[in-house]
Amino acid sequence: MMHFQRFLAAAGFIAVVIALTLLVPRPSDAIPAFSRQYQTSCSTCHLDFPKLNDFGKAFKDAGFKFPKDDQTFLKLPPVMLGAPAQKDLWPNTIWPGTIPGMPPIGLRMNNFFQVSGRHANDFNQLNPAGTPVGTVGGSPYVPRTDFETGLFSIFTAGNFGSGIAFWVDDDISVAGDNSAGGLGDGYLKFVDISRFVHLPKDSLSLRAGRFELDLPFTQARSINLSSYDIYDEANVGAMNSIVPLQQFVNNQFGFADVANGLELSGGHQYGGYHYSIAVVNQNTSGISQSANTSTFVPSATGGANGGLGFASDSNFKDIYSRLSYRFNLERDSASRKAVQAAGATGPRDHTYLSLGSYYFYGRSVQRLAGVLIDNTTPAVVTAREPFYRVGGDFSFNFRTFNLFGLYMYGHDRNQLPIDANGNVIVLPITTSSPLPVGFISGRSATFDGGFLQADYLALPWIMLIGRYDAVNSTADRINGLAMAQNTSFAVPFPATRNRITPGVQILIHANIKAGFEYQIRPKQSVTFATNSSGFPVALAPFRSNAATVGLEWVY
Amino acid sequence: MKRNLIMLGIALGLVSAVAQAGDISGKISAAQGASVVYLDKAAGKASPAPTQHFSLDQRSLSFQPHVLVIPVGGTVDFTNSDSVAHNVFWPAISGNRKLSHNLGTWPQGEKRSYTFDSPGVVPLLCNVHSEMSGYIIVSPTPYYALADAAGNFTIPNVPDGSYTVTVWHEGAKPVSKPITVNGSAKLDMSF
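Residues numbered from 1 in each chain as written. Chains lettered and ligands numbered in written order. Predicted model: local features only at pLDDT ≥ 70, side-chain atom pairs only at ≥ 80, totals over all residues. Heavy atoms only, no water.

### Looking at the overall build of chain B
The number of helices and strands found in chain B is one helix and 16 strands. For chain B, the residues scored as buried account for 39% of the 191 residues in total. Relative to all contacts within chain B whose residues are 6 or more apart in sequence, the contacts with residues 24 or more apart total 63%. Carbon together with sulfur atoms contributes 55% to the accessible area of chain B, which is approximately 9,900 Å² in total. (Helix = DSSP H or I, 4+ residues; strand = E, 2+ residues; numbered from the N terminus. Buried < 20%, exposed > 50% of the residue type's maximum accessible area, 1.4 Å probe, protein only. Contact = heavy atoms within 4.5 Å. Areas by Shrake-Rupley, 256 points an atom, 1.4 Å probe, with all protein chains shown as cover.)

Structure follows, in structure tokens:
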């Protein structure tokens, strides 16, 4: 009884501390990197951070500056790296620039609490018979409820003058142990270089470094707690030896992966046209830059011990392009062309309809130990499998309601390995398989899908979210069949895996928010039977729904 | 002779008038923030509304001046010198939400005017830059003063008599107290 009273007292104390932490108002407002420089709130640029409002989009387009008269808004004057008059001496002097008056640093931290569906441990039925769930040799036990450490990130961005913007962000720690942390974006953007070649203003900018592609809807700066399924879809062809469809596609490329390269872009995100064309490294095997080194090959960016390593896994460079047009729908012409619309009770985001399309082209490479056509001389045989991702997107905004969606079609050419007799080698390749000498084209590996999302800012601090994700992939289904016995994880039984994800986010302050998301996932199964037609039939299908609560703050 | 008597009468009248009015001065001590001192009520007929307009600008994401004092019936011209869109609204006047008002949006270089017929504290806000803050103190009488940076203030030419003086300080609850003016009066207060 005494212990119980102590427990109650401790629980009550903790509850009060948490309540005070969350509810007691504080005098300060959000002050990440740009807030500090301009002494303005997060809500100047964000609806529900990190989602940008129209002003935030214009600020980003301008190279992390106010679109006009930036210097009059800066509360921390920049440090001059040379007097402006030095420009008159160029090329006999360094072109003068600036750096921010203080390091423009923002920090971000989040934590989560997750509730898993009661069927989460049903996947462990795939363990060998007799292996108790949650023991050594079996899969880890999946708890129903779980507190999780998220990521701790640093991001720094700003402008060096002369229209040169910079951005660097890095996940210092992920899941509390730094196991998966790493650099996010790190680039310089030369804004409006069109002025040097007598093109219309803002029609041409150059970005160089490491960046998220100019996606229709960003993944890196999404408000959602979970990522878009279609962005994470790697096209891994059907490898199951018991079904007739054979695909030798193993493309780990994900649409939201960070890219290394160059990008040309132009136009504005807050109205009118916008385009981008990027040439980026190809890396479809998922090898990391630091791991792609050779002790025997000197690197141009380092010593003979590999230097920085290589970020690509092939010679080919991928190409990404995007074109969109946003129609602002206000009747008043001046309001329509302004960064923000002039509402009766104050500026607000435009009512608009945006339509866009995108196209990504690359060539996935797989190399095998094989032989020449003489079937004797060892050789490395290389399958180069061109692939593309293409699709369209739309976004409609009315006041604080935003409906947007994206469709994607993915296609990878399928190069099947053949032996010296011209016969297709049965996949997957094993030590007893004949050595490949080359490849022939088979049935391509394809998938499609997308998402549809509605955001409604019910109050300036409450964002309601409804989202539908769909991915249609035959390969996903075949590779995930329990009958294959070579997978420890089941994927949705039907070719379509889709989910519905309602959510809500609450801004406790402009820089602190609590988010909730409930994922209604498709039916899955780990036990199958065969029907009279010989096709597998799922037994006892179940849903592995999950709920997540996130607490995030930036400062 | 008659002329001299008239001049003497005028002189005596002037001396008498000066003797019946004085200044209220003093110091409002506080760590930081602006202070405003005003009389709640003055004897005699109500003062006519001032004809001059007062100005309040939005510049560099701030209201300038941060605190403006006007007499009741005064008109304020709100301007926008920034190249970004602003608006001005107040959710209440001295807590009375029925007196809330939104002036909407107007472009750089233009102005909107508003006449404040109700005395009280008007907290100014901008609905796109939530950090922006300003105040208009609408004094019920023409006897008011905005304290300087050191907290010193003077309300000149206050007729002799007994009044209630109110001191408003940013971030604090207004404080009222009786004061008697007899040639002059002193008021010191700390927040």
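Back to the text.
### Comments concerning the overall build of chain A
Helices and strands together make up the secondary structure of chain A, namely six helices and 29 strands. Across the 555 residues in chain A, those meeting the buried criterion constitute 44%. For chain A, the proportion of contacts with a sequence separation of at least 24, taken over those separated by at least 6, is 63%. For chain A, the exposed surface amounts to about 27,500 Å²; the carbon and sulfur share of it is 63%.

### A look at empty space enclosed by the protein
Think of a ball as big as a water molecule: rolled over the atoms, this probe shows where empty space is left. Residues and elements named next belong to chain A. Tallied over the full model, the rule gives three cavities of 30 Å³ or more. Of the voids in this model, the largest cavity is the one considered here, and its volume is about 70 Å³. Lining the largest cavity are Asp61, Lys189, Val191, Asp202, Ser205, Ser265, Gly266, Gly267, His268 and His274. Sorting elements by how many residues they give to the lining of the largest cavity places strand β12 (residues 258-267) first, with three residues. Residues that form the lining of the largest cavity fall into these classes: one nonpolar, six polar and three charged. Taken as a whole, the second largest cavity spans an internal volume of roughly 40 Å³. In terms of lining, the second largest cavity is formed by Ala33, Arg36, Gln37, Leu76, Met102, Pro103, Pro104 and Ile105. The dominant element in the lining of the second largest cavity, judged by the number of residues it contributes, is helix α2 (residues 33-38), at three residues. (1 Å grid on protein atoms, 1.4 Å probe; cavity = no way out; pocket = protein on both sides within 12 Å on 5 of 7 lines; lining within 4 Å. Points joined across faces, edges and corners; volume = space filled by probe spheres on them. Nonpolar A, V, L, I, M, F, W, Y, C, P; charged D, E, K, R; others polar.)

### A look at unusual backbone geometry
Residue and element names in this part refer to chain A. Along the chain, Phe49 connects to Pro50 via a cis peptide bond; the corresponding omega equals 5°. Of note, the amide linkage connecting Leu427 to Pro428 takes the cis form, showing an omega dihedral of -5°. One can find Pro428 in the loop between β19 (401-418) and β20 (438-459). You will see that Asp192, though not glycine, has its phi angle at about 55°, which is positive.

### Remarks on the nonpolar core
Core analysis: the biggest nonpolar cluster contains 44 residues, and Leu213, Tyr231 and Phe255 of chain A have the highest contact counts within it. Only α3 (54-61), β6 (145-159), β7 (164-174), β13 (272-281), β17 (352-371), β19 and β20 of chain A provide two or more residues apiece to this core. Once you skip the residues sitting within four places of it in the chain, Leu213 of chain A turns out to touch Phe255, Ala259, Ala278, Val280, Tyr320 and Phe360 of chain A. Residues Leu68, Val76, Phe78 and Phe116 of chain B belong to the second largest nonpolar core, which totals 20 residues. (Core = buried A, V, L, I, M, F, W, Y, C linked by side-chain atoms within 4.5 Å.)

### Section: the interface of chain B and chain A
Tallying the contact residues gives 17 residues for chain B and 21 residues for chain A. When chain B packs against chain A, close to 1,400 Å² is buried across both sides, 52% of that on carbon and sulfur atoms. On the surface where chain B and chain A come into contact, there are 13 residue pairs in polar contact (both at pLDDT 80 or more). The class makeup of the residues in the side of chain B that touches chain A is four nonpolar, 11 polar and two charged. (Buried area = accessible area lost by both parts, 1.4 Å probe. Polar contact = N/O pair within 3.5 Å; in protein donor to acceptor, adjacent residues only side chain to side chain.)

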